[in-house]
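The chain contents come next:
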Amino acid sequence: PERKPSEKIYIVAMQQALIHMQESGVSDSVRTAAAANFWVHVGDDLANDIGPARNLGMKTVLIEADFSWRSAISTMSPAEEAQRLARAAAASPHATISKIAQLSEVLEKWCPP
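All values reported here derive from a predicted model rather than from experimental measurement. (Residues numbered from 1 in each chain as written. Predicted model: local features only at pLDDT ≥ 70, side-chain atom pairs only at ≥ 80, totals over all residues. Heavy atoms only, no water.)

**What to know about the overall build of the protein chain**
Across its full length, the protein chain holds six helices and three strands. Of the regular secondary structure in the protein chain, the N- to C-terminal order runs α-α-β-α-β-α-α-β-α. With the C-alpha coordinates aligned to their principal axes, the bounding extent of the protein chain is approximately 50 × 35 × 20 Å. Residues classed as buried in the protein chain amount to 27% of the 113 residues present. Looking at the protein chain alone, contacts between residues at least 24 apart form 57% of all its contacts between residues at least 6 apart. (Helix = DSSP H or I, 4+ residues; strand = E, 2+ residues; numbered from the N terminus. Buried < 20%, exposed > 50% of the residue type's maximum accessible area, 1.4 Å probe, protein only. Contact = heavy atoms within 4.5 Å.)

**Points about unusual backbone geometry**
Put simply, lysine 4 and proline 5 share a cis peptide bond, and its omega is 15°. As for its position among the elements, proline 5 is in the segment before α1 (7-23).

**So, the side chain of asparagine 48**
For asparagine 48, the position within the fold is in helix α3 (residues 46-55). A distance of 3.2 Å separates a polar atom in the side chain of asparagine 48 from a polar atom in the side chain of arginine 87. Here asparagine 48 is in contact with Lys4, Pro5, Tyr10, Arg84 and Arg87, once residues within four sequence places are set aside. (Polar contact = N/O pair within 3.5 Å; in protein donor to acceptor, adjacent residues only side chain to side chain.)

**Some remarks on the nonpolar core**
The tendency in soluble globular proteins is for nonpolar side chains to be buried side by side. By size, the foremost hydrophobic cluster in this structure holds six residues: Val61, Ile63, Ala95, Ile97, Leu103 and Val106. Listing elements by their share of this core, those giving two or more residues are β2 (59-63), β3 (95-97) and α6 (103-110). In this structure isoleucine 63 touches Val42, Gly43, Asp44, Ile97, Ser98 and Ile100, once residues within four positions along its chain are discounted. Core analysis: the next-biggest nonpolar cluster, separate from the first, contains five residues, Tyr10, Met14, Ala53 and Met58 among them. (Core = buried A, V, L, I, M, F, W, Y, C linked by side-chain atoms within 4.5 Å.)

**Considerations on the packing of α3 against helix α5 (residues 78-90)**
Remark: α3 packs on α5, axes separated minimally by 8 Å, with the N-to-C direction vectors making an angle of 45°. One element, α3, and the other, α5, form an angle in the oblique class. Judged by the twist between their axes, the crossing of α3 over α5 is left-handed. Between α3, through Leu46, Ala47 and Asn48, and α5, the contact on the second element is made entirely by Arg84, Arg87 and Ala88. Classifying every residue of the contact of α3 with α5 by side-chain character gives three nonpolar, one polar and two charged. (Axes fitted to C-alpha atoms, helices over the stretch in contact; angles between N-to-C directions. Parallel < 35°, antiparallel > 145°, perpendicular 65-115°, else oblique. Left-handed = near helix turned anticlockwise from the far one by under 90°. Nonpolar A, V, L, I, M, F, W, Y, C, P; charged D, E, K, R; others polar.)

**Remarks on the packing of aromatic side chains**
For the structure on display, the rule yields zero aromatic pairs. Sitting over the face of the ring of tryptophan 110, lysine 59 holds its NZ or CZ atom 5.0 Å from the ring centroid. (Phe/Tyr/Trp six-rings, centres within 6.5 Å; stacked < 30°, edge-to-face > 60°. Lys NZ or Arg CZ within 6 Å of the ring centre and 35° of its normal.)

**Comments concerning the pattern of salt bridges**
Counted under the stated rule, the structure contains six salt bridges. A salt bridge links glutamate 105 to lysine 109; the shortest N-O distance between them is 3.9 Å. With glutamate 105 and lysine 109 both in helix α6, this residue pair falls four residues apart, about one helical turn. Judged by its relative accessible area of 64%, lysine 109 is exposed. Because the salt bridges share partners, they merge into one network encompassing Asp45, Glu81 and Arg84. (Salt bridge = Lys/Arg side-chain N within 4 Å of Asp/Glu carboxyl O.)

Put into C-alpha cells, the structure is as follows:
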C-alpha cells in the first residue's frame, strides 16, 4: 500500500471524492470545477503533507506543530531523514495556522460566500 508522501494517495482520495459527488447527485459542472481547482489539504508536515498536495495543484494549509520529539523516536536512516528534510525545505504552504479553529478564516478568504 502507498503511504505519504506518495502522491498516489492524494489522487485516489480526489477520485473517491468525485465519485461520491457523482453518486450524491452533484452536477457535472460542479464536479468539473472541483476536479480542476477545489482541493484543499490541511496538514502538519511540510515533507509528507504540504509538498505532495501542492505538487498536485491543491491549496495547502500548514498547521504549525512542535516536532522536537520526532528525532528521539525516528526509525529513519540518516539518508531517509536527509531526504525528508529536503522535501520539507522545498515545500511552501499557501497558508499557515497555529490551530484548526483558524481554518475557516483561511477558507473564507479563498472561497468568499
